[in-house]
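Chain by chain, the residues run as shown.
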Amino acid sequence: MKLKERLENEILIMDGACGTFLQTFYGLKGGEKPESWCLSHPELIEQMHKMYVDAGSDIILSNSFGANRLKFGDLAPEIVEKAVALAKKVAYSSKKKIFVGLDIGPTGKLIYPFGDLSFEQAYETFKEMVLAGKMADLIVIETMTDLYELKAAILACKENSDLPIIASVTLDSSGKTLTGADLNTLACFIEGMGVDVLGLNCGFGPQKMLEWIPEIIGKVSIPIMIKPNAGMPYIINGKLKYDTDEDTFSHYIEKAIDMGVTLVGGCCGTTPSYIEVISKLKNRKTNNRVYSKYKPMVCSYAKTVFLGEKPIMIGERLNPTGKPPLKEALRSKNFDYLKAEAIRQVESGADILDVNVGLPDISEKEMLRESIINIQAITDVPLQIDTADLQAMEKALRVYNGIPLINSVNGKKESMEMVFPLMKMYGGICVALMLDEKGIPETADGRLEIAKSIIKEAAKYGISKERFLFDPLVMTISTGQENAAIVLDVLRECKNNLGLNTVLGVSNISFGLPNRALINAVFFAQALASGLSAGIVDSTNKAMAEVFNAHCALSGDDFKFEKYISLFSSSEVKNLESVLTLEKAIEKGLKKESGILTRKLITLGKEPLYIVNNLLIPTLDKIGKNFEKGIIFLPQLLQSADSAKEAFFAIKEELTRANVVSESKGTIVLATVEGDIHDIGKNIVKVILENYGYTVIDLGKDVKKEEILQASINNNVGLIGLSALMTTTVTNMENTIRYLKTKISTPIMVGGAVLTEKYAEKIGADYYAKDAMSSARIADMVFGPLN
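These numbers come from a predicted model, not from an experiment. Residue positions are counted from 1 within each chain, in the order its sequence is given. Restriction of local features to residues with pLDDT of at least 70 applies here, the model being predicted, together with a cutoff of 80 or more for giving and counting side-chain atom pairs; totals for whole chains, interfaces and linings are based on all residues. Remark: hydrogens and water are excluded; side-chain values derive from all non-hydrogen atoms of the structure.

Caption draft 1: The arrangement of the pattern of salt bridges in detail. Should a side-chain nitrogen of Lys or Arg be within 4 Å of a carboxyl oxygen of Asp or Glu, the pair is scored as a salt bridge. Tallying each qualifying case throughout the model produces 40 salt bridges. Across the pair K227 and E142 runs a salt bridge, and its minimum N-O distance is 3.9 Å. Placement of the pair is K227 in strand β7 (residues 224–227) and E142 in strand β4 (residues 138–144), with a sequence separation of 85 residues. When a residue's accessible area, from a 1.4 Å probe over protein chains only, is under 20% of the maximum for its type it is buried; when over 50% it is exposed; and in between it is partly exposed. We classify E142 as buried; its relative accessible area is 4%. In this structure, the salt-bridge partner of R317 is D538, at a minimum N-O distance of 3.5 Å. In this pair, R317 is assigned in strand β13 (residues 312–318) and D538 in the loop between β20 (534–537) and α22 (542–555), connecting sequence segments 221 residues apart. Secondary structure is summarised from DSSP: a helix means a run of H or I of at least four residues, a strand means a run of E of at least two, and numbering begins at the N terminus for each.

Listed below in C-alpha cells is the structure:
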C-alpha cells in the first residue's frame, strides 16, 4: 500500500522529540544547534532514530528542522542531505517498513509586510531544503506560527517535489497562530493548499490539543496528525523536565485517536519511552475516521468566509471602472487610498473585497500584486482576485496570504486549461462564468449546460463542483426585459436541483436606465430570494446594505437580528473619508495618512506633547487592549505601530525645528539568548516599546550573557528584556539571568513561546511578558511616568 493510502486508512506512529532528546541522552548543550550533529555526531543521530524505530515509530523525521540557509549558510544543503541519509540508513535496516520524513521548521522571521523577509526569499530557503532532502519519503513542515510562511514552504514542496506533505502548525492557548489564524482558517488554508495531512504540534501537551480536534475534524476531508509536547517545561537542578508522564500522555493520545486523529507522535520532551507507550495503541485501535465532505470556504491570514451556508456581500468598489479617483490612485501608486476604500467597505458589511486594478496605462501584474499585499496589511477580510490577465492572476495568487476567491474562469477550453492548474497549485474558490466559445447563451438552460461542462472538465483536474461560484452573467434589462428572469431561473435551478453556489455582479442589471440604485436594490432582493450565494455589490450603498440585511433577518441567517439592528442603532453615516482622524488612521494602519494628519494638527496649533499624550498614547493603549482581547491580531498591531511611528516622526521633525529635545521614557536592552536564533517576538517587542517612547538597544539574537551585561552597564539601562523560543535554549536564559543578577541589579523581563509566568519566576526573572503589549505595561511599571 502506498504511503498516501496508508495515511488515509491506518493509524501511524510518528517519532518524538529530537533537540530535547539529544540534550537529555547525549549532552547537547543549551543553545547548541541539534542539526549540526548530523555532521559532528552522525552515529548518535543514527542511534536516536533507531531508538524511535525500536519503540514503534512508523515515520521518523530527519534531524533537519532548522537546517536552512538563514541559520547555517552554505552548509545547510549538506546538513539536510546528511540528515535524510542517516534516517534512511536506519529505515533500510529495519525489518518493518519505515518512512522517513524530511523535517522542515520555520525560518524564525516574519515575512513582508510584517517583517523583513520577502515571500520569495522564504520560498527559496525552503526550496533549497526540499531539493537537498529529495531522498525522503514524505515532507513534514512543522511548528509553523504564520500561514504566510507556511504557504512559502508548501509551494516550495509542491513545485520541487512530488512527495506527500504534512503541514503542521503551533497554536497559542486560545487556539490561534501567532498571526491570528483560528481553527476555521487553519482548516481552510491547509486543505485549500492541497497538502495531504493537517497537523498540530508543539506548544502544549495532548490535553490542550484535544480541545481543538473536534472543530478541525469537521471542517477538513484530509487526515489529521498531532505531535504534542510532554506537557509544559520546568527546571529541576538545572535540568529541563516536563509535567506529563508517558501514561498520561498515552491516555490523551488514545482520546485523540477515538476522535479520528490517525497520525500521532510527540514533540518537545517526548522520548522513545513515550512513543513505545502510544505505539501499543495501534494494536487495539482502528482508523474510525469518517471524512467530512469538503466545505467551500475562502480565507485571509486570520478570517474565514464559508460559501453557501448563508449569502454574502463581495465589495465591488476596488475596481477602477467608472471611478476616476481610484484610477488616479492606481496611476500614482497611492495605496493609502486603496486601503481607505477597503476599510470603508469592510465597515459597511462586505464579507469579501473584490480587487481589480486593470488600467491600460499601468502594469497590471505588478500593481495587482502590490495592491493585494497592501490591502491585506490592513484588513483580515478575504479578497477576490479579479483579472483577465493570467500572469497577473498567478503573481497575485502567489503572494496572497490565505485561500482567495478567484475571478474568473469560463467555459472556453483555453480558459479552463489556464485557470484550473492555478487552482490546483494555489487553492481557492473560482468564479465560473456561464459563457463559452459561442458567447453567452440566451436561455437559462444554455447557461446551465455550460456550468455542467465546466464541472465535468474540472473533475479531470481533481477539482470538485464545490470549488466554484457560478455566475449566470447579469445583462441589463434595458436591452431585454427577460434578462432578469433568465438569471433568476438559473439561480433557482442551481440552488434547488444542482447544489451549486452562485454569484452575480448585481449592478449590471440597470445599465442604461434612470435611478439605477432602485432597480439594483430590488433585483438584489429577488436574487437573494432565488438562492443567490454571493452578490458583488457596493456595500457602502445604503439601499443595497439594507436589502441584504433585511433578507438575512427574514431568512434566519442573521442570528438574533444583530446585523440588521446595528444598521439602525446609530444615525451616524459611516464614511471613512469624512471622519478620518489621527486616532483612526493609526488604528486602521494608514501610515501615510497618520503623518499627514499629525502635521495638520501641528499646523493648527496643537502642541507636540499634547498630540503624544492625548492622542497617540491613548490610541496605542486602545490598540494594545484590543490585541490582548483577541479583537485584532499581530498583523494589525504591527501596521498600527508603523502608522504611529510615522506620527512620532512628524512630531520629532517639529521638535527639532523648534530646538526642543524629546525626552526618552527610559532605556531598555533586548536580546534573544545565546544559542537561540529566533527573534520574531523580540522584534515585535522593540516596535511596541519604541512607540511608547522608550529607547531600545536591540542586541539581536544568539547573544552571549557578557554582551548583555556590557550593553546594560554602558547605556545605563533600566530594564533588560530576554527572549527564547526554543526549548533547548531556555536553560541558557536561566544561566543568563543568574549571571546578570550577580553583576547588576537591573530588573529583567522574559518572554517566549516556551515560557510561562510560573517558569519565569522559577528561573529568577523579575517580570514575565506574555506578549508584546505586556512588555510595554511592564516598562511603564518599572520606569513610571515622565516628570
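Caption draft 2: Geometry of the pairing of strand β15 (residues 383–386). Every second residue of β15 is oriented toward a common face, with L383 and I385 on one face and Q384 and D386 on the other, all of them buried. We call a crossover right-handed when, viewed with both strands directed away from the observer, the connection leading from the first strand over the helix to the second proceeds clockwise. Crossover connection from strand β14 (residues 352–355) via helix α16 (residues 364–376) to parallel β15: handedness right-handed. Where β15 and strand β16 (residues 405–410) come together, three bridges link them in parallel fashion. Paired with I385 across the two strands is I406, which belongs to β16. By the convention used here, strands pair only if DSSP detects at least 2 bridges between them.

Caption draft 3: Summary view of the packing of helix α8 (residues 147–160) against helix α18 (residues 413–426). To get an axis, fit a line to the C-alpha atoms, keeping to the stretch in contact for a helix; angles then go from 0 to 180 degrees between the N-to-C directions. Between α8 and α18, whose axes approach to 10 Å, the crossing angle comes to 120°. For the element pair α8 / α18, the angle class is oblique. Residues K151, L155, K158 and E159 of α8 touch α18, and the partners they reach there are K424, M425 and Y426. When residue character is reported, Ala, Val, Leu, Ile, Met, Phe, Trp, Tyr, Cys and Pro are called nonpolar, Asp, Glu, Lys and Arg charged, and the others, Gly included, polar. Class assignment of the residues belonging to the contact of α8 with α18 gives a composition of three nonpolar, no polar and four charged. Roughly parallel covers angles under 35 degrees, roughly antiparallel covers those over 145, roughly perpendicular covers 65 to 115, and oblique covers all other angles. The contact definition used throughout considers only heavy atoms, calling two residues in contact when any of these lie within 4.5 Å.

Caption draft 4: Spotlight on the environment of I45. Along the polypeptide, I45 turns up in helix α4 (residues 42–55). Sequence spacing of I45 and S64 is 19 residues, and the spatial spacing of their C-alpha atoms is 11 Å. For I45, the contacting residues outside a window of four places in its chain are L22, W37, C38, N63 and L86.

Caption draft 5: The arrangement of the sheet that holds β4 in detail. In space, the eight strands of this open sheet follow the order β1-β10-β7-β6-β5-β4-β3-β2, with parallel pairing throughout. With one partner strand each, in any of the chains shown, β1 (12–13) and β2 (59–61) form the two edges of the open sheet. Here three bridges tie β2 to strand β3 (residues 99–104), and the two strands are oriented parallel to one another. Bridging from a neighbouring strand, I59 pairs with F99 of β3.

Caption draft 6: The confidence of the model for the protein chain, seen in detail. Values of pLDDT, which run from 0 to 100, indicate the predictor's confidence residue by residue. The predicted model of the protein chain averages 92 in pLDDT, with 98% of residues at 70 or higher. Every residue in residues 570–577 scores below 50 in pLDDT, and together they form seven contacts with partners more than four places removed in sequence or on other chains.

Caption draft 7: Geometry of the packing of aromatic side chains. The criterion for an aromatic pair is that two Phe, Tyr or Trp rings (for Trp, the six-membered ring) have centres within 6.5 Å, with stacked assigned to planes under 30 degrees apart, edge-to-face to planes over 60 apart and tilted to the rest. Scanning the model with the defined rule gives twelve aromatic pairs in all. Measuring from centroid to centroid gives 5.3 Å for F420 and Y461, while their planes differ by 70°, and the two rings are edge-to-face. Here F420, found in helix α18, pairs with Y461, found in the loop between α19 (444–459) and β18 (468–471); they are 41 residues apart in sequence, far enough to count as distant. Among the residues examined, Y461 registers a relative accessible area of 26% and is labelled partly exposed.

Caption draft 8: Summary view of the packing of α8 against helix α17 (residues 390–399). Where α8 meets α17, the closest approach of the two axes is 9 Å, and the angle between their N-to-C directions is 125°. Relative to α17, the element α8 is oriented oblique. Taking contact as the criterion, the partners of Y148, K151, L155 and E159 in α8 are, on α17, L397, R398 and V399. Of the residues belonging to the contact of α8 with α17, the class tally is four nonpolar, no polar and three charged.

Caption draft 9: Focus on the nonpolar core. We define a nonpolar core as any set of buried Ala, Val, Leu, Ile, Met, Phe, Trp, Tyr and Cys residues linked to one another through side-chain atoms lying within 4.5 Å. Among the nonpolar cores identified, the biggest contains 225 residues, and L150, I190, F468 and L689 are the most heavily contacted of them. Among all residues touching I190, those that are not within four sequence positions of it are L150, A167, V169, V195, V197, L198 and I222. Within the second largest apolar cluster, 20 residues are counted, among which are V474, F523, M544 and F548.

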